[in-house]
Amino acid sequence: MQLYISEKNLKALLDRLIADGMRVVAPRMDAGTPLYGPLTDSAGIVLDQLPRRSAKEAFFPLCEDIMSYEKQGRKVSLTDIDPAGFPETVLVGVRPCDAAAIPVLDAVFSWDYKDEFFLERRRKTTIVGLACTKADDACFCTAVGLSPANPKGSDLFLTPLEGGGYACETFTEKGEALVNANRELFAEPNGSTALPLAEPQTERFDLKKVKAWLDGHFEDPAWDSIAVRCVGCGACAFLCPACHCFDIVDEGTEKAGKRRKNWDACGFWKFTHHASGHNPRDLQPKRYRNRIMHKFKYYDDKFGQTLCSGCGRCIRFCPVGIDIAAIVSEISKK
Amino acid sequence: MHDNPIDTSIYAAVTEAIQGEARRILSEGHVAAVVGYAAARRKGSAQPVVVTRADDAGKLIFSAACVNNLAVYLTKARKEIPKSGKIGIVVKGCDLKALVGLMGESQLKREELYLIGVPCAGVLASTIQPDTALTAGTIAPKCRECDAHLPTGCDFVPARQPVTPELEKHYSAEIARLEAMTPAERWAYWKGQFKKCIKCYACRQVCPFCFCEQCLCDRNKPQMVETTPRPAGNFAWHIVRAMHLAGRCAGCAECERVCPMDIPLNLLNRKMAKELKELYDYEAGFEVREKGPLATYDEKDDQSFIK
Amino acid sequence: MHPEKTKHAFEPKIIAFVCTWCTYAGADLAGTSRMQYPANVRVLKFPCTGRIDPVFILKAFQQGADGVLVSGCHPGDCHYIAGNFHARRRFAAFRKLLEFVGVDLGRLQFSWVSAAEGGKWVEMVTGLTERVRLMGPMQEFKELALEEQWSGAINTPELQEAYNSI
C-alpha cells in the first residue's frame, strides 16, 4: 500500500496513538543527547539526527528484570516477570540501519531458546522506518548491502518528499493495520519526488571474501596491529544495533532481590573470564577479533546473515578511533 | 565569536618534527616503540598508533583531531603494548600531567620514557567531525582553560610557539552555575545526566589513572556498586569514579570526551580539583609528588565540618 | 521506669559508622551509664575511621538510611596513629562531592567522640536524629532505586505490587 502523509498529520497520528494509550517510542532529546524513548507528545520528536543508541533497546533493554526473589523465614518465593505485561508500542523514526538489524536479531532470539522477553516486545511493536537524507563519513550501510532507503525490518516506511511530507509504504500486516486504523490521516500519493537520499561514501564490501579470509585466519598477526589501540570499553557493542550479548546478574540482599539481564560486550576483559581465574581471551586483540569474527563469520555460519548494518556508531564513538569499515575493507582486499 | 578560527598552522611543522625525532630515536635504538597518532580512514581523523620501526615513523602526525591522551597505553592495565625497553610517547601538555601523576604513583619511571612534547593550540571537541576547522566554537572544552600549551620537562619539543587566544572558560562557568543551584536542582541535573549512562565503562578504560587490575565496580563479592545500568547503579558508579580520581585527575577530560552519552564527567573531576586546591592547596600534574592530597594529611587540616 | 516515649509520624533510620577504640567505647559508656538516646541509630563498628570507605556512606543511603553519622577518635588519639587524619581529608572531599551532586549535607554528620564522652555520643545521635526527623525521609536515593530505564520498565499493576512488597 503506497500513500502520502503530511508532517502535520504524522504528528497528529502520534498524538492520537499516545492519547489512545499506545506507547510511542521515537528519537527525542534526553538531557542534551538524542536517544530513543517514549514520547509524551509529538512535539518532542527529533527526526533530523541518528539517535546515539540504536533501536534494539526497544526489544532488548539495556537492563531488564527477569525474576525477583524474596526470603521469609525458610520460605523462598520467586516471582517471574510475565512478558504479557509489556506495552503495545509504535516505534517511529527508525533509520534503515537500525530497522534492518531487528530481523537479524530475531534469528538469534528465536533460535534454540525462545527469548520471550525479546519476542513478546517484538510482537507488540510496530516499526515505522524513515529514509535517510544525510550521511557522514562514518555511515556505511551501502557497504554491507543495505541502503538509506532500505525498508528491511520496517512495518511501515516513510520517505521524505520534496516540498514536505512523506511517501508512506506498508510492508507488513502490522503496518497496514496502523494505516487502516488511521486512514483519514493518510492521502493518496501526490506525485512529489523524494528528497535526494543520503550517499554513504564507503565502497561495498565483498562479504564472501571477508568471510573466506576470516575462516582461515583465527590466528593472524593482523589482529594485533588492528586492536593494539583498543582500550576494552563496551561503547561499540552497546551502541551497535545488532550486538546482543547479555549478562545475567542477581542483585539484592540475601532476603530479597532481583535477577537482571544487562547488556554485555565482548570488549570487556570480564566477558570470558572464568571462575578459575583463567581467561582464554587474555589480551585485547583476542577480544576485538571476536567482535569482527562474530559479525562477519560466526553469525553468518549459523544464520546466514551479517551482524552489521553499517550505522557507523562504533566508528563515531570509539574512544580510540577504531574504524570497523576500514578494517573490513582491508580484510576484503587480502 | 564562535566562528573565530584558531591558528593551527604550526601543526604541519610539528608533525614533521615528530616524524624526524621518532625516526631518529627508533633507528638509533633509544626506544623500542613510539606511541603516537596516525591518520585514519575518515577525512581528517586520527587514531593512536604504536610505531616500532624507523621506516614507519612517517605515519606519525599531529593535528586538531589528535584528541587522545596516549598516557593510558603506558599503564599496567594495558598489557598489549610491550613494556620492554624505553618507550617514546607523543604528549600534549594535558597528557603530560597524567604521566607526571603516574610517575608520582610509581606506575612509570621517567628514565623508561622518551617524551616527545607537542606545542598545542587545542584539539577538537568530541562531537565535532574530525575534518572540521578548529575554531572558538569547535575546540574541546578542556582546551578553553588550558594552562599547558607548551609541555615542559620533555626530551624533545618542536620549537614552535602555538598562538592561543583567550577563550571563555567552560568548566569554571559550569561549576559556578551548578553551585548556585539548590541541592534538589543539582540532584535533578545529575540524575538526568547519569540516567543516560549505559555502563560501557569507556570513561574508566581511557582514564590513565584507572589502572587497577580489577576495578572495585567489577567485583561482586561484596558488590559495592551495582553493575546494572539503572539510574541507581549509574549514580553510584559516577560518585565512586569521581572520588577515586579526586586529587589525582589533572584534567585531560578523556572521560568526558569518550562518553557516548555526553555526560559531563570532567565537571565532577574539576569540581573535586577545585575543592582540593581550596582545602589543601594541591594541584595535580605539575610536579612528580609521591603522595596526593588524599594520601597524606596535616595535623592542622580544617575540621570545621566535624563536631 | 522508662520515660514517656513520644510517638512520631516519621522515625528516621540513622546509620552510624564508628571506630572501635573511641566512639564505640563512648557509645558503650553511654549505655552502661543508662543514658537515653534515640533507638533510630544502627551502629556499625570499624577498626578505625580510616577504614570507612566513602562507598559505605553511599551504600547506606542507597539502602534506605535517612541520615549517616561517622565518628571516631579525636585528632591525635588514633589507635593507629594517623587513621583519623586520613579519614578527615577523605570525608572533607567526599562531602563536597555529595553536595555537588545534590545531597543535602544536613543528613551527614561527622564527629569525634572519645571513649570518655558518652554524653557527647548521646548529643550527636539525638541531634542528628531530630534534625533528620525534621527534614523527613531521604527520598532521593529511594526513588532512584525504584527507577528503571524506560526500555526495561514494567507496567503491570501485579508486578508493581510484587516489587513494592520487596
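Please read these numbers as outputs of a predicted model, since none were measured by experiment.

What counts, and where the lines are drawn
- Residues numbered from 1 in each chain as written.
- Chains lettered and ligands numbered in written order.
- Predicted model: local features only at pLDDT ≥ 70, side-chain atom pairs only at ≥ 80, totals over all residues.
- Heavy atoms only, no water.
- Phe/Tyr/Trp six-rings, centres within 6.5 Å; stacked < 30°, edge-to-face > 60°.
- Helix = DSSP H or I, 4+ residues; strand = E, 2+ residues; numbered from the N terminus.
- Buried < 20%, exposed > 50% of the residue type's maximum accessible area, 1.4 Å probe, protein only.
- Pairing = 2+ DSSP bridges.
- Axes fitted to C-alpha atoms, helices over the stretch in contact; angles between N-to-C directions.
- Contact = heavy atoms within 4.5 Å.
- Disulfide = S-S within 2.5 Å.
- Buried area = accessible area lost by both parts, 1.4 Å probe.
- Salt bridge = Lys/Arg side-chain N within 4 Å of Asp/Glu carboxyl O.
- Polar contact = N/O pair within 3.5 Å; in protein donor to acceptor, adjacent residues only side chain to side chain.
- Nonpolar A, V, L, I, M, F, W, Y, C, P; charged D, E, K, R; others polar.

Visitor: Any details on the packing of aromatic side chains? Residues and values, ideally.
Guide: Enumeration over the complete set of coordinates arrives at 32 aromatic pairs over all chains. For the pair A:Phe59 and A:Phe118, a centre-to-centre distance of 6.0 Å together with 50° between the ring planes defines the contact as tilted. Of the two residues, A:Phe59 is situated in the loop between β3 (33–38) and β4 (63–72) and A:Phe118 in helix α3 (residues 116–123); the sequence distance between them amounts to 59 residues. Judged by its relative accessible area of 1%, A:Phe118 is buried. Here the aromatic residues A:Phe59, A:Phe60, A:Phe109, A:Phe118, A:Phe238, A:Phe246, A:Trp263, A:Phe268, B:Tyr201 and B:Trp237 are joined through ring pairs into a cluster of three or more.

Visitor: I'd like a description of the sheet that holds β3(A), backed by residues and values.
Guide: All names here are of chain A. One open sheet accounts for seven strands, arranged β1-β9-β8-β7-β6-β2-β3; its pairing is mixed. Strand pairing shows two members of the sheet lacking a second neighbour, β1 (2–5) and β3, which therefore form its edges. Strand-to-strand twist across the sheet, computed as the mean angle between neighbouring axes with direction ignored, equals 25°. Pairing between strand β2 (residues 23–30) and strand β6 (residues 89–94): three bridges, direction parallel.

Visitor: Tell me what's going on with the environment of C:Ala27, and back it up with residues and numbers.
Guide: All names here are of chain C. Mapped onto the secondary structure, Ala-27 falls in helix α1 (residues 23–32). In this structure, the C-alpha to C-alpha distance between Ala-27 and Val-101, residues 74 residues apart in sequence, is 32 Å. Those residues in contact with Ala-27 that sit more than four places away from it in its chain are Tyr-37 and Trp-121.

Visitor: Got a sec to walk through the pairing of β2(A)? Specific residues and values, please.
Guide: Residue and element names in this part refer to chain A. Of all eight residues that make up β2, seven are buried, and the element is covered over most of its length. Here β2 pairs with β3 via six bridges, running antiparallel. Its bridge partner lying in β3, Asp-30 is registered against Thr-33. Counting the residues in the hairpin turn of β2 and β3 gives two residues, including Ala-31, whose phi is positive at 45°.

Visitor: Go over the state of the cysteines, please, and point to the residues and values.
Guide: Scanning the entire structure with this criterion turns up one disulfide over all chains. A sulfur-sulfur distance of 2.4 Å marks the disulfide that ties C:Cys22 to C:Cys73. Judged by the sign of its S-S torsion, about 100°, the bond between C:Cys22 and C:Cys73 is right-handed. In this pair, C:Cys22 is assigned in the loop between β1 (14–19) and α1 and C:Cys73 in the loop between β3 (67–72) and α3 (83–100), connecting sequence segments 51 residues apart. No difference in accessibility class separates C:Cys22 from C:Cys73, as the two residues are buried. As a non-bridged cysteine, B:Cys154 has B:Cys94 as the owner of its nearest cysteine sulfur, 12 Å distant.

Visitor: Explain the interface of chain B and chain C to me, using residue names and the numbers behind them.
Guide: Taken residue by residue, the interface counts 47 residues in chain B and 41 residues in chain C. For the pair chain B and chain C, the summed buried area comes to about 4,200 Å², and 66% of that belongs to carbon and sulfur atoms. Interface area lost by chain B to chain C is led by B:Trp187, B:Phe305 and B:Lys307, which between them contribute 19%. At the junction of chain B and chain C, the tally comes to four salt bridges. In this structure, the salt-bridge partner of B:Glu275 is C:Lys96, at a minimum N-O distance of 4.0 Å. The interface formed by chain B and chain C holds 20 residue pairs in polar contact (both at pLDDT 80 or more) in total. Those elements giving two or more residues to the side of chain B that touches chain C turn out to be α4 (171–179), α5 (183–195), α7 (231–245) and α9 (265–280) of chain B. In terms of residue count, α7(B) provides more of the side of chain B that touches chain C than any other element does, nine residues in total. In terms of residue class, the side of chain B that touches chain C is built from 29 nonpolar, four polar and 14 charged.

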